[in-house]
Amino acid sequence: QVQLVESGGGLVQPGGSLRLSCAASGIIYSINTMGWYRQAPGKQRELVAVITSGGSTNYADSVKGRFTISRDNAKDSVYLQMNSLKPEDTAVYYCNLNQQYTGTSWGQGTQVTVSP
């Protein structure tokens, strides 16, 4: 019912920047929450940042001041600008959409590696 396709991951040096994008398709309602989660090897998936269709945001403490989430409601897309990247940001990043009637949907994930 809902498909999410991420792009923008890759390899970057510490202190560098990356921008992740996620486009949603299918049954998308005007009221929803989109966001980014990440999972590092051997760890549980954790919230990075979420944004409501009204623009309210919430960030994990570990990324506040470095990452910025934004969205384009007309394109059903969400973005994550990641600056000042650290090795501990290395993980698979997953796009997430949560809305009434269809519940929670996940993208396939995109790898972000921060290494010298």
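See the structure printed just above.
Residues numbered from 1 in each chain as written. Predicted model: local features only at pLDDT ≥ 70, side-chain atom pairs only at ≥ 80, totals over all residues. Heavy atoms only, no water.

A. Spatial organisation of the overall build of the protein chain. Per the secondary structure count, the protein chain includes zero helices and eleven strands. Here the protein chain has a C-alpha radius of gyration of 14 Å; the compact-globule value for 116 residues is 13 Å, and the two agree. Projected onto its principal axes, the C-alpha coordinates of the protein chain cover approximately 45 × 25 × 20 Å. In the protein chain, which comprises 116 residues, the share counted as buried stands at 42%. When the accessible surface of the protein chain is totalled, it reaches about 6,000 Å², and 48% of it is carbon and sulfur. The positive charge centre, built from 9 side chains, and the negative charge centre, built from 7, are 2 Å apart in the protein chain. (Helix = DSSP H or I, 4+ residues; strand = E, 2+ residues; numbered from the N terminus. Rg over C-alpha atoms; globule rule 2.2 N^0.38 Å. Buried < 20%, exposed > 50% of the residue type's maximum accessible area, 1.4 Å probe, protein only. Areas by Shrake-Rupley, 256 points an atom, 1.4 Å probe, with all protein chains shown as cover. Lys, Arg positive; Asp, Glu negative; His and termini not counted. Charge placed at Lys NZ, Arg CZ, Asp CG, Glu CD.)

B. Just a nonpolar patch on the surface, in detail. Residues Ile 27, Tyr 29 and Tyr 101 make up a contiguous nonpolar surface patch of about 340 Å² in total accessible area. Counting through the fold element by element, Tyr 101 comes out in the loop between strand S9 (91-99) and strand S10 (103-106). (Patch = residues over 30% accessible without salt bridge, like charges linked within 9 Å, V, L, I, M, F, W, Y side chains within 5 Å. Salt bridge = Lys/Arg side-chain N within 4 Å of Asp/Glu carboxyl O.)

C. Main features of the sheet that holds strand S8 (residues 77-82). As summarised here, the arrangement of the four strands in space is S1-S3-S8-S7, forming an open sheet in which the pairing is antiparallel. Of all the strands in the sheet, the pair left with one neighbour each is strand S1 (2-7) and strand S7 (67-72). Averaged over all neighbouring strand pairs, the angle between strand axes comes to 15°, with direction disregarded. (Pairing = 2+ DSSP bridges. Axes fitted to C-alpha atoms, helices over the stretch in contact; angles between N-to-C directions.)

D. Geometry of the environment of Tyr 59. Within the secondary structure layout, Tyr 59 lies in strand S6 (residues 57-59). Along the backbone, Tyr 59 and Gly 35 are 24 residues apart, and their C-alpha atoms lie at a distance of 9.7 Å. Once residues lying within four places of it in the same chain are set aside, the contact partners of Tyr 59 are Leu 47, Val 48, Ala 49, Lys 64, Phe 67, Thr 68 and Ile 69. A distance of 2.9 Å separates a polar atom in the side chain of Tyr 59 from the backbone nitrogen of Ile 69. (Contact = heavy atoms within 4.5 Å. Polar contact = N/O pair within 3.5 Å; in protein donor to acceptor, adjacent residues only side chain to side chain.)

E. Examining the packing of aromatic side chains more closely. Applying the stated criterion across every chain, the model contains two aromatic pairs. Arranged with centres 5.1 Å apart and planes meeting at 75°, the rings of Tyr 37 and Trp 106 form a pair that is edge-to-face. Of this pair, Tyr 37 sits in strand S4 (residues 33-39) while Trp 106 sits in strand S10; the two residues are 69 residues apart in sequence, bridging distant segments of the chain. A cation sits over an aromatic face here: Arg 45 above Tyr 94, 3.7 Å from the ring centre. Taking the ring centre of Trp 106 as reference, the NZ or CZ of Arg 45 above it sits at 4.5 Å. (Phe/Tyr/Trp six-rings, centres within 6.5 Å; stacked < 30°, edge-to-face > 60°. Lys NZ or Arg CZ within 6 Å of the ring centre and 35° of its normal.)

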